[in-house]
Every structure is written in C-alpha cells, then in structure tokens.
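# Results of the structural survey
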Amino acid sequence: MKKKIDCPRIVPASLDPMPTGVSRDITISLANATFSKETALECHFGTDRTFEARWLNSSAVECVHVLLHTSEKSHLFPVNLQLKDRPDRFIDSPEMMTVEVYNCVTGSADCSQCLGREDLGHRCVWSESSSSCRLHSEHPQISDVCPAPEIKKIEPLRGPLEGGTLLTIRGRNLGRRFSDVLGAVRIGSVQCVPLPDRYVVSEAIVCQTGEAQEVFSDVVTVNVSREGKSRERYSYVLPVVQSIAPLNGPKAGGTRVTIRGSRLDVGSELRVLVNTSKQCTDLSRNDSTITCTMPSAELTTAVRVCVQFENKSCASYNITFKYEKNPIISDINPKKSQISGGRIIILEGRGFELVQNVSMVVRGIGREQTSCKVHTDTVITCPSPAASNITAGSKPAPVDFYLNGRLYADDRPALDEEMYPEEALHISKFSLEYYADPQFFTAKKEKWIKHHPGEPLTLVIHKEPDSLGLESNEYQVKIGLISCEIQIVSDKVIHCSVNESLSTSERQLPVTIQVGKFNYTIAMLHLGGGETAIIVSIVICSILLVLSVVALFVFCTKSRRAERYWQKTLLQMEEMESQIREEIRKGFAELQTDMTDLTKELNRSQGIPFLEYKHFVTRTFFPKCSSLYEECYILPSQQLSSQVGSQVQETHPLLVGEWKIPENCRPNMEEGISLFSTLLNNKHFLIVFVHALEQQKDFAVRDRCNLASLLTIALHGKLEYYTSIMKDLLVDLIDASASKNPKLMLRRTESVVEKMLTNWMSICMYSYLRETVGEPFFLLICAIKQQINKGSIDAITGKARYTLNEEWLLRENIEAKPRNLNVSFQGCGMDSLSVRAMDTDTLSQVKEKILEAFCKNVPYSQWPRVEDVDLEWFATSTDSYILRDLDDTSVVEDGRKKLNTLAHYKIPEGASLAMSLSDKKDTTLSRVKDLDTEKYFHLVLPTDESVEHKKSHRQSHRKKVLPEIYLTRLLSTKGTLQKFLDDLFKAILSIRDDKPPVAVKYFFDFLEEQAEKRGITDPDTMHIWKTNSLPLRFWVNILKNPQFVFDIDKTDHIDACLSVIAQAFIDACSLSDLQLGKDSPTNKLLYAKEIPEYRKIVQRYYKQIHDMPPLSEQEMNAHLAEESRKYRNEFNTNVAMAEIYKYAKRYRSQIVAALDANPTTKRTQLQHKFEQVIALMEDNIYECCSEA
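In this report, the structure presented in the accompanying data block is examined. (Residues numbered from 1 in each chain as written. Predicted model: local features only at pLDDT ≥ 70, side-chain atom pairs only at ≥ 80, totals over all residues. Heavy atoms only, no water.)

### Some words on the overall build of the chain
- If you tally the helices and strands in the chain, you get 28 helices and 57 strands.
- Burial statistics for the chain: of 1188 residues in total, 45% are counted as buried.
- Relative to all contacts within the chain whose residues are 6 or more apart in sequence, the contacts with residues 24 or more apart total 67%.
- Here the chain has roughly 61,000 Å² of accessible surface; of this, 51% comes from carbon and sulfur atoms. (Helix = DSSP H or I, 4+ residues; strand = E, 2+ residues; numbered from the N terminus. Buried < 20%, exposed > 50% of the residue type's maximum accessible area, 1.4 Å probe, protein only. Contact = heavy atoms within 4.5 Å. Areas by Shrake-Rupley, 256 points an atom, 1.4 Å probe, with all protein chains shown as cover.)

### Some thoughts on the environment of Asn1083
- Among the structural elements, Asn1083 can be located in helix α21 (residues 1082-1085).
- Taking C-alpha positions, Asn1083 is 8.7 Å from Ile1061, a pair spaced 22 residues apart along the chain.
- Excluding residues that lie within four positions of it along the chain, Asn1083 makes contacts with Leu804, Asn805, Glu806 and Val1060.

### Focus: the sheet that holds strand β57 (residues 936-937)
- Taking strand neighbours across the sheet as the criterion, the 3 strands line up as β54-β55-β57 in an open arrangement whose pairing is mixed. Each end of this open sheet is capped by a strand with a single partner; those strands are β54 (892-893) and β57.
- Where β54 lies against strand β55 (residues 896-898), 2 bridges are found, and the strand directions are antiparallel. Across the sheet, residue Val892 finds its bridge partner in β55, namely Lys897. (Pairing = 2+ DSSP bridges.)

### A few points about helix α9 (residues 701-714)
- Taking 1.5 Å of rise per residue, the 14 residues of α9 would be expected to cover 20 Å, and the 20 Å separating its terminal C-alpha atoms lies within 8% of that figure.
- Most of α9 is tucked away: 12 of the 14 residues are buried.
- Within the span of α9, buried status applies to Asp703, Arg704, Cys705, Asn706, Leu707, Ala708, Ser709, Leu710, Leu711, Thr712, Ile713 and Ala714. (Expected span 1.5 Å × (residues − 1).)

### Concerning the environment of Leu654
- By the element assignment, Leu654 lies in the loop between β49 (648-651) and α7 (666-680).
- Sequence-wise, Leu654 and Phe1131 are 477 residues apart; in three dimensions their C-alpha atoms are separated by 5.5 Å.

### Description of the sheet that holds strand β5 (residues 50-57)
- Strand order across the open sheet formed by 8 strands is β1-β3-β6-β5-β4-β7-β8-β2, with mixed pairing between neighbours. Single-partner strands in this sheet number two, and they are β1 (9-11) and β2 (18-19).
- Looking at chain direction, strand β4 (residues 41-44) and strand β7 (residues 74-83) are connected through 4 bridges and run antiparallel. When the sheet's bridge partners are listed, His44 is paired in β7 with Asn80.

### Looking at a nonpolar patch on the surface
- Where nonpolar side chains cluster on the molecular surface, the patch consists of Val539, Ile540, Ile543, Leu544 and Leu547 and spans about 460 Å² of accessible area.
- Considering the arrangement of structural elements, one finds Ile540 in helix α4 (residues 531-604).
- For Ile540, a relative accessible area of 44% gives the class partly exposed. (Patch = residues over 30% accessible without salt bridge, like charges linked within 9 Å, V, L, I, M, F, W, Y side chains within 5 Å. Salt bridge = Lys/Arg side-chain N within 4 Å of Asp/Glu carboxyl O.)

### Considering the packing of aromatic side chains
- Overall, the coordinates contain 33 aromatic pairs when judged by the stated rule.
- For the pair Phe676 and Tyr1141, a centre-to-centre distance of 6.1 Å together with 85 degrees between the ring planes defines the contact as edge-to-face. Here the residue Phe676 occupies a position in helix α7, and Tyr1141 occupies one in helix α24 (residues 1133-1146), the gap between them amounting to 465 residues. Just as Phe676 is buried, Tyr1141 falls in that class too. (Phe/Tyr/Trp six-rings, centres within 6.5 Å; stacked < 30°, edge-to-face > 60°.)

### Notes on the pattern of salt bridges
- Considering all chains together, one arrives at 32 salt bridges under this definition.
- Measuring nitrogen to oxygen at the nearest pair gives 3.1 Å for the salt bridge that ties Asp331 to Lys335.
- Asp331 gets classed as partly exposed once you look at its relative accessible area, which sits at 25%.
- The closest approach of N and O atoms between Arg811 and Glu806, which form a salt bridge, is 2.6 Å.
- The exposure class assigned to Arg811 is partly exposed, which follows from its relative accessible area of 22%.
- Each member of the salt-bridge network shares a partner with another, and the members are Asp119, Arg177 and Asp180.

### Digging into unusual backbone geometry
- Cis geometry marks the peptide bond from Glu155 to Pro156, where omega comes out at -5 degrees.
- Each neighbour pair has its own omega, and for Asn333 with Pro334 the value is -10 degrees, a cis peptide bond.
- Mapping Pro334 onto the fold places it in the loop between β28 (328-333) and β29 (336-338).
- For Asp48, which is not glycine, the phi torsion reads 60 degrees and is therefore positive.
- By the secondary structure assignment, Asp48 is in the loop between β4 and β5.
- The exposure class assigned to Asp48 is exposed, which follows from its relative accessible area of 77%.
- In this model, Asn404 sits at a positive phi of 55 degrees, which is unusual for a non-glycine residue.
- Within the secondary structure layout, Asn404 lies in the loop between β35 (397-403) and β36 (406-407).
- Given the relative accessible area of 4%, Asn404 is considered buried.

### Quick word on the nonpolar core
- Of all hydrophobic cores here, the largest spans 136 residues; its most connected members are Phe676, Phe689, Trp760, Phe1003, Trp1035 and Phe1170.
- No other element matches the 21 residues that helix α11 (residues 752-789) contributes to this core.
- Setting aside its immediate chain neighbours within four residues, Trp760 contacts Tyr722, Thr723, Met726, Ala999, Tyr1002, Phe1003, Met1116 and Leu1120.
- Grouped together as the second largest cluster of nonpolar side chains are 25 residues, Trp873, Leu883, Leu902 and Met915 included. (Core = buried A, V, L, I, M, F, W, Y, C linked by side-chain atoms within 4.5 Å.)

In structure tokens form, the structure reads like this:
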C-alpha cells in the first residue's frame, strides 16, 4: 500500500488575483503524477464551476479559459482537479490552493479606495465622470491621480498648546495607504502625526497634534498628491485653572470638588492627579468647570491638585486641597423604630461640616437607603428605613452610615462603597431595634364620629402599649387637612383638640394619625347639619322603623335557612382554599425537581437550542406578513442518524450565498445594483427616497415594514451609517408627533423608521438576549410545557387542566392518573427510557411525550414527526398491539367517536412499549386538532344548547356556575411558575456590570436629548417613549415569539400562556392605573398583585440607564462596527438591493420629483444618477428574473 506522501497531489502555488468576468488560463503543478497524458481531467472551482484541463507536461496542467464571477469586493475560489469521467474523484490537495477573484465595482466608494487596491494586486482605476471604480483594462487612458482630499469633519475642534490631542479627520480620498498620509497632515504649520492602527483607507485619519508655540486657529490640511483643507478650524488654546471648591474634606475621600477655570473641555484626554499619585475619579467637565470625586488619603495634610491635559504638564500650579480628620459619629438616638420607618434618628458627633451627603442603611432588613440632612457641625438627622422580614423578638439590626459615599468606620480608614469584601467584614458600631407599628383607636373603637360645625372638637385617641418610647413631637394628628394640637396624657391616651372651624363642603373628614412614615386612618368624622336636618332625620327614622318591623318577620323566617347555607358555603370555600394551597405546593415541588433535572441536562448536553444569528434576523425582520417570507424555499436539514427521520427547515432567499441571475444579464445588473448601492449610501438620497415612498397612499404598512427590513439587510455592513439615517428619520417623526400628541410616538409600527428601530434593537440586543435572557426565557417555556403536561389536555380543543389563559382552561374535573412507561426507541443516542404520561392522553400525545424525552437534546427541526412513527405495546411475551388514536375498538358517544387513550387500551403502570419509524405513513388521520368536532371528541363533548333548554332551571344554573370554580387552577399554575417568571423579568430589567446595554443607553440618551430640545419636560412622556422603543417594541415581540430565538415547537397553548405573560409585562411598563373589577378579564386579574412591584423594577431600570455615564459617538460607532464585523457575509445584499429597486421602479416618477424638489439632492444631481440606475436595470431585471 502506498504512503500518503507518494499519492498524486497538487503542489500549492500562489496565483495572482484575477478580475471578475475576465477569462484567464491557470497553471497547476502536480507531484507524484502517475497519470498518462490521455487521462482526462477537469479544473474544479466550486459548485457548478468546472473548466477544461490541458496537460502541459507530465507534472503540470493548464486550466483553459477560466471565467469566474463575484459580486463581492473579493472572493477566494478553491482550485481542485477531478477526473473527468469520475467527477466525484479529486486529486489530493493537502494544502488548499485558492485563486482570488475581485470586483472593482464593489467596495470602492471613492478614488483613493479604488486605486489603493493596487497594493492587493487589484488592477482597478477610478472614472471621475461616472464616479465609479472599474477594471484597468476597460479605460487605459484614465489618469491614476485622485482628486484632492475632501475633509468633511474634524473632532475635537480645540486642544492645548502642548499638543498630544488625538485629532480625528473624516472625509474622502484621504490617501490610498498609510504611507501616503504619513507627514501629510498639518494644522497651519504644526504637524499632526497619524497613528497607523487608527487609519481607515480614504475615510479617516487619527493623528496626534504637535506642540504649538502660541495660541492660534487654522484649518487642517491633508496633502496627498493634492491638498485638501477642512471647512472647520482647529484651535490651539491655553486652558486656565483658577480655583477649587471646597478647599478641604475628610481623609476618607469621597468629597465632590469643582475645579473652575476656562477652556477646560479641550483635548481628548484629561486627568486630575492628587499628590501626583492618585486620580480624582468620576470626571465630568465643560468649558468652565471640572467636577470629580477625591480619593482617600493616609495623612491629614494639604496636597497639590494637578489638572493634566493629554498626559502633559500640569495646567495648575497653586491649587491645593487639604485633607482633614474624618468626621466622628459618637452616638445615635433614639435606637428604636417602627417597621414602617420614617422615625427621625439624630446623629451626634463632630466634623460634620466636611460632609456633603449622608445616607443611612439598616443591614439585612432595611428596604431602602435613606438620605439624611446635615444641620450643624455636630448634628445630622436621618429618617429610619422601612423594614421587612421582621419577626417577634428579632435582634437589633446593625446600622451603617455613608459619609460622602464612603462607609463610616469609626476612626479607622473608611471603606470604599464598592469594595464588597471589606464591607462584608465591617462590624457596625450602631444598631437599631425594630418594633411593630403603633396601634391607635378611638375611645369607643367606633369608625364614625359625629360633630356639629362651629362647636369645639376634642378627640380622645387610645394607643396600645409599645416599646418605641415615642415623644409628643413625633405624633401628628389631622382631621382632613387640619392639624390637631395634641397632648399626651399618658402612654395610652392622646387628646386631640381643634379650635378653628371645620366648615367644609365635604360632609365626611378622615381622622388620621401619622408617626414617621406610618399613616393610619382611625375613624371618619361626620359633620352634621342644623335643626332642619334633625327633623328630616327623625321623619326618615320613623318611616324606616315601620318598614323594619315589617321586614323583621320576613328576615327571621329566612335567616335560619341563610345561616345554614352560609355555613355550608364557608366550609366549601375553606376546603377549596386548602386544596389550592396543597396543589400549588405539590406542583411547585414537582416542577422544581423536573426543572432541576432539565437544567443539569442543559449543562451536560449541547445546551439551549438557540437559532443562528442569520435565522434570528430573518424571522424577526420578515415575519409571515412579508412578501419575502412567502418566497422562502425548503432545503432538507441534516439527519440525526440513519434510523431517525428529520423534518425540513426553511432557508430565506437573503441567506443564499450567490445572487442567482443569468450570465448574459450579470454585467449590467451588477453595475446597476452597485450604482444603486452607492446612492443608498448617500444620506441625502436615502432620506428623500424614504419620505417620497411614505407619502404615497398605496404604500401600505406592510410595504413600509418590508422596505425597512430590506434596508437593514442592505446596510448591515455599515451599522454606523444605518444608525445615523435612523436618527435623522426619527427626528422628523418626533417633530411630527411633538406638534400633536407626543405620548403617541412609537406606539405602533406605521412608518419605515419605526420598523428600522425595531430591527436596530434586534441587532444590538441579540448578544444580550443570548447571554443573559436566553436561559431564564427557555426555562420558563420548559416550565410552562411541563406544567401543562401534568394534567389532562383535550387533544381536539387544546384546553388543559393547568394553564394561565382562561380561554384554554378545561372546565371539567377530569381525573387523570400518571403512567410510567418503559419505551424503547432506536435514535437520538438512547435506546430506552422511562416516560411519564397520563392515562387520559391520546396515543398522539403519548408519542409527543416520548419524542420529547428521547430528543430533548436535539433541535426541534430535526425531530421525527408524530405521524412518521408507530407505537407498539407488548401486552405479553407473545401478544403485541399497534396503538392508534382511532381504530375499530374506538368508543362512540352521542354519535361522535372518542379518541383512544392509554386508559382505553388499559395499559398498566410500567408497561413495555416500542416506538419505531413507520414504513408507510399513516394518512388516515389528519392532525388531531383539525378533526371535525361533529364527528370526534377526546375528553369533553361539545355543549349542546338544545339539551340545555330541556334541563330544569336548577340544573341549568349549576351547569353555568360550577365551571367557574375551576378558575382557581389558573392561580395554581401561576403560583407554580412564579419563580421562573420572576427570574425572566429580572434578567430583562437588570444591568450587568460586565455587559451594560450599550445600545439602550445610547438610544435613551438620544430620546432625552430630543425631548430637551423641544422643551418636553413631562417625565411620563419620556417613560412612554422609552417603553415604546424597547420593552413593547422588542421584548414583548420576543416574549410572544420564542421561535424567533430558539429551535423549538411553539404550540397554540404555549402561545396563549405567553400572551398572558406578555400582557403582564406590558402592564408593568405602563403608567396608567389598572381599573380592575369583577368583570375584568382574568388575563389582567391574574398578575394584578405583582404589577406594582414589577413597575418599580421597570422604573429602577430606567433610572439605572439614565445614571450610566453617557456614551460618545466614537464608542457607539466602535460597538456598531464590531457588530457589523461579527456577522459580515451572512446575507445576500444584492437580493436585498434588487427588492428595494422594485419599490424604486414602482414609484420612479415620485422619487425623481422629490429629488428634484430637494435643493441638496438637486445640486449634487442625484436624480440623474437615479435615472442611470433605472436605465441599467430597466431592460434586464424583469426579463432576467423570468429566465432565472
């Protein structure tokens, strides 16, 4: 047997790049060639790309007239040799040999980018007349000198005299390569040194400014064969630092200082050094001030504060800050508080004049951190926090104080608030003991107190004894809005006196008593009228007395019967409540066990079945309402094994690797699409284009959404540009909404930009969705499915015993018993398993549970279908039966056939079953849920109204009322799933320190900036804008459609449960109060108790986003560029461009008119370039597509 190295093989060689559509011969060298020259070979360059191979000699073959095409900037094609008579046999090529094919038309927006490709071996030249890049051979007479550099923007516009500022220059034709710009950038006569790692060919230069001798301002010049100048001027200025305030602070640090001066916002980098070693943190600055937080110090001394621009010398010489001794807290009083909090705690000590802010925290039981107030150098007052989880006899809770954001630690150095390990070891010097809120009531414990206006009022209020030791000034009693003058007679009695008149239009006033944050209404004061009212009252009372005597007899006769009925009902309600509690407890325990096993399985197996990014994008961008979705075609997915069949998965046209068009149409269409792409990359053209289409009455909402998604795909490689377009269109939308009702903005998706925003959020939040929200979301879906499967499910109606949606609740008491079945099935890596089913399950439901057990680690798209498998029961060692939903043994009731169940076949616990792929597909039974309810049923017969009318009134009433009892199962299911829902909401509405939501911060800041520009100060409006842009636009869509994220089966029942959860999420983000009553839908009532807490989480999330440091445009652009880079070459942009062109063709005249009416587009003659696109595409696109 020959060794591997002795086999014939291709000797790899480097090939020069070849242009697209140009024929060329390619020579391939062979080693160990044992073929005769009569052996016919073919050159193979990938699928459907074979060319004639001609022998040059015994070790070389020439590929004749190789003609390759690509619409990309460059594409590597594999080079292989195959036997002509046996196309499946290839010559060995250990190191893959490739040839690069390039397209000059693609990826070269200007002259420098075009000619700069010479370094890559691309023979491209720039045609100024057509503003396009072409192959050199096409126009040999064209000059290779580019136009002068065009500088569009420079930033920053100011910097210090010492230089060192990183100056960013953006524009066009800024050099073909880095060597062109080296030494070519100047600010007046001062040189700016470009940085090689920040240079972007033709588009951007980042250089470090040199030192200037004096203050001056001049334009920036870039001299690359020709000179280009900026429109903006860069200024060398001298920053001046004048003062710092305050001049001193505690050595624990945390003092917020303000440094004043002029021109303090210049340059690209700023540091404030304290004593040349430590930095002042949390910097913010503008032209006249710098604000930062001082670090801690070891000694009490004066230190020098150095303001340093661009890491150069200090701009300040006489600025000092003095560290003083830390403030001392000697004692706190009182040391007790009520649970509701709000009791004023007085801090005694010294050195408090150095404290800027104080907060109080009760560790372990305190609900929130309270803000304190500094009164004098020796006194601070703090309201006590409210407490939770307090039990009788609880020990005093440790109390911590934060002075200037630093944890107070007596005379020891204070600890930074963010240093958790040290804080965990900290032992607090002070403690606070919590007691139950004080209890008050009137002298006779009455709830109504009568009083005649004009008369003096004295109330006697009794108080239960407590251990709080409240002082008289800690009580506040009010009658309505009028305060009482109180006097504590003893620890048990309070006298309240009101001397002024209580005359008011209201006849009833609440009597409230307040201690700290505890506020309690003990009674209502009823203001009586004059003598006329008394006479009228006497007459009415006399009449009522007579009526009462008459009614008394009737009441007495029925009271005994009502009492017996009430006692019986009360017992039933108590029994029902006990059953619900027990059902929730057992259900939660079982589900926790199942979900723990599921989590372990996820960790051991391939994990959560996330869809790839490209499928996530196509499903969210193009839901089933899109025309492109209807054009999806089917490709078979990979099979699991030779024994397990597989379903098919959809492949979107935008994911196809090559643009399928006939070769005779390709040149014109590629040129037309390239020119159209250039136009779409022109901001002025694109904005006019979108507005022109939206003004057309027949341009429906579906067309707007489709156009927005196509633009997102087409511009996916330039997300920075896409974001700027979206922001400009949003500004127009905000202007239109602000003049009407700003709260309605972004409420629906009715414009192109609103769908663009949805797509932008989907792109930017995908990584966060996978890394943070994916696992709790998937576990919630699994938990819902597990809980539904624990009870009976009607296979035809889909209604189940356990659900969150009232419309899908099985309102019958169907007793179901679990059956553990021993099932064998050759597939998915396992031979046999124990599967849990219910005896009320149909055979299709049993098959589904078996498939789920065996294929739980496999994406759903690769599962066999239920109708493709047979289930066989081995009753004895010799007898076996094929189990089906319908057969000759099926029972008939009321003229309808009942589907067979495990109970029908009398399959016992632990029965042995075998599932296998069926040889012949069973087409006698369609999908169970599509069966005619007039002929078939499963658990419950349909309600027959004609039968209802024949029943007695009592039977009919019982039929109507009793099913409502089963609504308690909604509570049982909700309680069982609550933990998983809380985990999901927490993941969505929380911020991870290592991965903050960059896009959310950037967009929320954009909304706040736009609101500020238009004078919109209503916080509710900002809340609604943020809610409409992220939770309702992105998260609700994901919650309702898990199939956008996971490769799973979303049943109609799971969809109904997710709708309830999505509604709870919507209510949590809303500001309007829920007006709920007995007639409210259960979907809103179910989570009404949790909604207020969820709303607090939403508001806290918005505040956390608001408090995050603002993002610069550079940081956001870098993030967007990284997102574009990660998923480049995932989509066929030519297909997207062709689809956008269809809209351009349909509204050609309107677009031309709009371009001509716009001064900017008219001046740059964009309408003529648009007509060129039409001319190139008009005669080709439709006929070529028909040929294809």
